[in-house]
Amino acid sequence: MGSFAPIPSHENQVEIDLEKLVPFAHYPFSWFQGQRLEEMVDEISECDPIDIIDGQVVEGKATGIKIISPIIVRHTTDDQYEILDGHYRVAAARKLKRILQLQSVKIPAIIKRELTDEEALSEVSDTNPIGLLLKHGIDIFCEDYRQSDGYKCLAGALICSDGNSSMALDEYIEHFLLDDHNRYDLYESIYSMGNPYELNEEECNDEVVAREILQIITPGYKEKIAKLEKSKEERDVDALSKLQATIEDEIPELVRTFVRKDSGYIQQLKDYLNFDLDAYDYDDVQNRRERAKLLFFVHMLKKRTFPHMNILQLLGRPSMENIDNSFLGWETSNGKYVKFVKHEVEKELSLTRKSNIKQAVSFVVNTWGDYINSLCHDVALVLATGGDCSKDIESIMSHMQAIFVYQKPVDCKFTPLTPLEAFYLRLTQNEYLGQLYDILKIFKISSGADYPVPVEYMKEMEEFQFRKMSTEDIEKFFEPENIQQIAKYVYLKDETSKEERRKIRNNKDKVLRFLDFCKLADPLGIYNVMEDVTELLIISCLQSILLDSSNEIFDYAFHGFEGGKGYRKGKIRVQAALKNDRHTCDALQVYWVRRVMDRSYANVGDGNIRKVTTKIETRCIEALSRVLNSSTIEEMLEASSFYLNKSAE
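Every value quoted in this text rests on a predicted model; they were computed, and no experiment measured them.

About the thresholds
Residues numbered from 1 in each chain as written. Predicted model: local features only at pLDDT ≥ 70, side-chain atom pairs only at ≥ 80, totals over all residues. Heavy atoms only, no water. Helix = DSSP H or I, 4+ residues; strand = E, 2+ residues; numbered from the N terminus. Buried < 20%, exposed > 50% of the residue type's maximum accessible area, 1.4 Å probe, protein only. Contact = heavy atoms within 4.5 Å. Areas by Shrake-Rupley, 256 points an atom, 1.4 Å probe, with all protein chains shown as cover. Phe/Tyr/Trp six-rings, centres within 6.5 Å; stacked < 30°, edge-to-face > 60°. Lys NZ or Arg CZ within 6 Å of the ring centre and 35° of its normal. Pairing = 2+ DSSP bridges. Polar contact = N/O pair within 3.5 Å; in protein donor to acceptor, adjacent residues only side chain to side chain. Salt bridge = Lys/Arg side-chain N within 4 Å of Asp/Glu carboxyl O. pLDDT = per-residue confidence, 0-100. Axes fitted to C-alpha atoms, helices over the stretch in contact; angles between N-to-C directions. Parallel < 35°, antiparallel > 145°, perpendicular 65-115°, else oblique. Left-handed = near helix turned anticlockwise from the far one by under 90°. Nonpolar A, V, L, I, M, F, W, Y, C, P; charged D, E, K, R; others polar. Expected span 1.5 Å × (residues − 1). Disulfide = S-S within 2.5 Å. 1 Å grid on protein atoms, 1.4 Å probe; cavity = no way out; pocket = protein on both sides within 12 Å on 5 of 7 lines; lining within 4 Å. Points joined across faces, edges and corners; volume = space filled by probe spheres on them.

1. Describing the overall build of the chain
Helix and strand counts for the chain stand at 26 helices and 13 strands. Counting the 649 residues in the chain, one finds 48% classified as buried. Taking the intrachain contacts of the chain between residues at least 6 apart in sequence as the baseline, contacts between residues at least 24 apart amount to 71%. Accessible surface for the chain amounts to roughly 33600 Å². Of this, 49% is attributable to carbon and sulfur atoms.

And the structure:
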């Protein structure tokens, strides 16, 4: 499956002859081998188009080298450039050059000029996982490197590997920097996620998996094994034999826990995550291996890693608080649990398959985002000019409620997902579904709100939507000499009391807190939120603070939420979200942005347009939610096309 990600462009990019590139002087590796190198060779290979022969996808032959993301270098001599970021891309290019017998190869690069050695190391540290190892003193060839302070600090940190991909640093080390011999010693079991050991036929059996689990979790078993290896005394042999007999007696019950139809692990995966582990072809040895690893993983999750919570239930209840947003710089209530599970599963997936799954889901969501934005814009434009598009809207709304039934094509062009890939697809889909489900809840909560605005104020406030405000302007906005004029529009009346004006001045900090909530609409910081702040937005925010009920409850609960002091269980006071700097759940922040924007529309006479577009958004998001509940990539893409193509007719 091809990449759905846009090709980035880079300023100050040049092309440098491959032979002029040398490794960074302090780079700890002089060899490049294994999975990382092979995947990078595939990634940079420019190939003939794929073909379909007898219903099978046949990859085109490699004909050249195409590196999209430029490496980073510094100039050392007239003829050499030192690589700061991109060592594996260069190594892969050299290997491919030999294979294809190319005369010369040029590599896209960005040149960092006049860097000292210290600055160069800093540059490497900021852009390259190897640089992080150097900077934090992590020697991965030291037997106990995982006990070092530097490793403990960085192990789960997301880093950029060569190209545009990202992964956790510990995954990068295990997959790409250590050979298999060194990797085996890192894992507790042959069934541990990421262990490169290939399970044999017998080791895929449920009884053998259960025995391994019991041997690991049974207190004293490992110690008795170690002691017996040293002593060989008869009493130690007897003690171990008794312990092994106990384990053998417990194996049948644990196997039943795997497969029990009412509440076994396989059934729980189906009930909570709509993931059917029984649906795979187990004549395929890879599927059998992954089934065994998943059963081991689920047991360890439930009984040892997270024994005090139902982790599968959490994963199966998508919400904004069950999303891993750590890569954006903030934490959700349950994000750390989701991150752990995703990270472990990712250790088993190749970089290519993991990337394909993430890009496919992202492609669908982004396509729908563009469609919804375009549709709502067109509808708003027609309504604003007095036009009638009710029949078109009715047709779209009706189609979005249709149920798509997937029929697998005979000559499916997609490689079937393995159990672990399908499980990862479900985890990825659920993070997007968490946002969609909560947005639908927010629409439902706010659907009954009505904000009547006298006509005479609407005309004047239309001008406010074009008056942008800087941070300095916002400070001046709340100065005493401006409050009298502001109060008129906040309270929608010509005469206001001294007490009402005092309330406006006292709520400046709440307005600023609200502006922080707006950043949820742009988590990557691509746009400067403050550049889009207008007088209308500030006035609408003050109206929501001062005119809406101070006792309004945000009826929202997420997995594990117990409430806190001053809250009813599962319910949060809306106004309390702006009173302090404590964590406010993402859904409530989005609700605040939504209600302020609803008031903005009402203030300029576009309240009806807002209601119509909200209905359209609701139907589209419901349809997208059904799309993201697909169990395969091809089903998801087919379902997406079913709704979008039909709606465009």
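After that view of the structure, there is still more to cover.
2. Structural notes on the packing of aromatic side chains
Throughout the structure, instances matching the rule amount to 16 aromatic pairs. Here Tyr191 and Phe296 contribute two aromatic rings whose centre-to-centre distance is 5.7 Å and whose plane-to-plane angle is 25°, an arrangement assigned as stacked. In this pair, Tyr191 sits in the loop between helix 7 (180–184) and helix 8 (206–217) while Phe296 sits in helix 12 (residues 285–305), placing the two residues 105 residues apart along the sequence. Looking at Tyr191, the relative accessible area reads 1%, which means it is buried. One aromatic cluster is present, built from ring pairs that chain together Trp368, Tyr371, Phe404, Phe642 and Tyr643. In this structure, Arg291 is placed above the aromatic ring of Tyr282, and the distance from its NZ or CZ to the ring centre is 5.9 Å. Note that Arg595 overlies the ring of Trp592, its terminal NZ or CZ placed 4.5 Å from the centroid.

3. Points about the sheet that holds strand 9 (residues 106–112)
Reading across from one edge, 1-9-7-8-2 is the order of the five strands in this open sheet, with mixed pairing throughout. Where the open sheet ends on each side, the last strands, each with one partner, are strand 1 (13–17) and strand 2 (21–22). Looking at chain direction, strand 2 and strand 8 (residues 80–85) are connected through two bridges and run parallel. Paired with Val22 across the bridge in strand 8 is Glu82.

4. A closer look at the environment of Glu201
Secondary-structure assignment places Glu201 in the loop between helix 7 and helix 8. With 87 residues separating them in the primary sequence, Glu201 and Arg288 have C-alpha atoms 8.3 Å apart. Within the local environment of Glu201, its side chain forms a polar contact with the side chain of Arg288, the two groups lying 2.7 Å apart.

5. A word on unusual backbone geometry
Backbone geometry at Gln101 places phi at a positive 55°, although glycine is not the residue there. By the secondary structure assignment, Gln101 is in the loop between helix 2 (87–100) and strand 9. Judged by relative accessible area, Gln101 falls into the exposed class, the value being 67%. Its identity as a non-glycine residue notwithstanding, Asn274 has a phi of 55°, on the positive side. Within the secondary structure layout, Asn274 lies in the loop between helix 11 (265–273) and helix 12. By relative accessible area, which is 46% here, Asn274 ends up partly exposed.

6. Let's talk about the pairing of strand 7 (residues 71–77)
The sheet contact formed by strand 7 and strand 9 spans four bridges and is parallel. For Ile71, the partnering residue across the bridge sits in strand 9 and is Ala109. Of the strand pairs in this sheet, strand 7 and strand 8 are connected by five bridges, and their pairing is antiparallel. Note on strand 8: the bridge partner recorded for Ile72 is Asp85. Counting the residues between successive antiparallel strands, the hairpin from strand 7 to strand 8 contains two residues.

7. A short note on the environment of His399
Tracing the sequence through the fold places His399 in helix 16 (residues 390–400). In the structure, His399 is positioned 243 residues away from Phe642 in sequence and 9.6 Å away in space, judged by C-alpha atoms.

8. Some thoughts on the pattern of salt bridges
If you walk through the whole model with that rule in mind, you get 31 salt bridges. Between Glu460 and Lys488 there is a salt bridge, with the nearest N and O atoms lying 3.8 Å from each other. Of this pair, Glu460 sits in helix 18 (residues 455–464) while Lys488 is found in helix 20 (residues 480–491), placing the two residues 28 residues apart along the sequence. What makes Glu460 partly exposed here is its relative accessible area of 30%. With a shortest N-O distance of 2.4 Å, Glu499 and Arg502 are connected by a salt bridge. Of this pair, Glu499 and Arg502 both sit in helix 21 (residues 498–506), three residues apart, which is roughly one turn of that helix. For Glu499, a relative accessible area of 38% corresponds to the partly exposed category. Salt bridges sharing common partners tie together Asp548, Glu552, Arg595 and Arg599.

9. Considerations on the confidence of the model for the chain
When pLDDT drops low, the exact placement of atoms in the prediction is not to be read closely. On average, residues of the chain score 82 in pLDDT, and 84% of them reach the 70 mark or higher. Taken together, the stretch residues 1–11 has pLDDT below 50 and engages in 15 contacts with residues farther than four places along the chain or on a different chain. In the predicted structure, residues 50–58 sits below a pLDDT of 50 and forms twelve contacts with residues beyond four places in sequence or in another chain.

10. Focus on the packing of helix 14 (residues 335–346) against helix 17 (residues 419–446)
Two measures define how a pair of helices packs: the angle their axes make with one another and the distance between the axes. For the pair helix 14 and helix 17, interaxial distance at closest approach is 10 Å and the crossing angle is 150°. Considered as vectors, helix 14 and helix 17 are oriented roughly antiparallel to each other. Helix 17 is crossed by helix 14, and the crossing has left-handed handedness. Residues Val338, Val341, Lys342, Val345 and Glu346 of helix 14 pack against Leu420, Phe423, Tyr424, Leu427 and Glu431 of helix 17. Of the residues contributing to the contact of helix 14 with helix 17, the split by class is seven nonpolar, no polar and three charged.

11. Examining helix 12
Its 21 residues place the ends of helix 12 28 Å apart at the C-alpha level, agreeing with the 30 Å of an ideal helix rising 1.5 Å per residue. Where burial is concerned, most of helix 12 is hidden: 16 out of the 21 residues are buried. One side-chain oxygen of the residue at the start of helix 12 lies 2.8 Å from the amide nitrogen of Gln286, identifying that residue as Asp284.

12. Things to note about the state of the cysteines
Counted under the stated rule, the structure contains zero disulfides. Free of any disulfide, Cys518 has its nearest cysteine sulfur in Cys541, 7.8 Å distant. According to the relative accessible area criterion, Cys518 is buried, its value standing at 13%.

13. Section: empty space enclosed by the protein
Per the stated rule, a full pass over the model turns up one cavity of 30 Å³ or more. Estimated volume of the largest cavity: approximately 60 Å³. What lines the largest cavity is Leu314, Leu315, Arg317, Pro318, Asn322, Val338, Leu427, Asn430 and Glu431. Mapped onto the lining of the largest cavity, the elements with two or more residues apiece are helix 13 (311–315) and helix 17. Considering each element in turn, the lining of the largest cavity owes the most residues, three residues, to helix 17. Of the residues assigned to the lining of the largest cavity, the class counts are five nonpolar, two polar and two charged.

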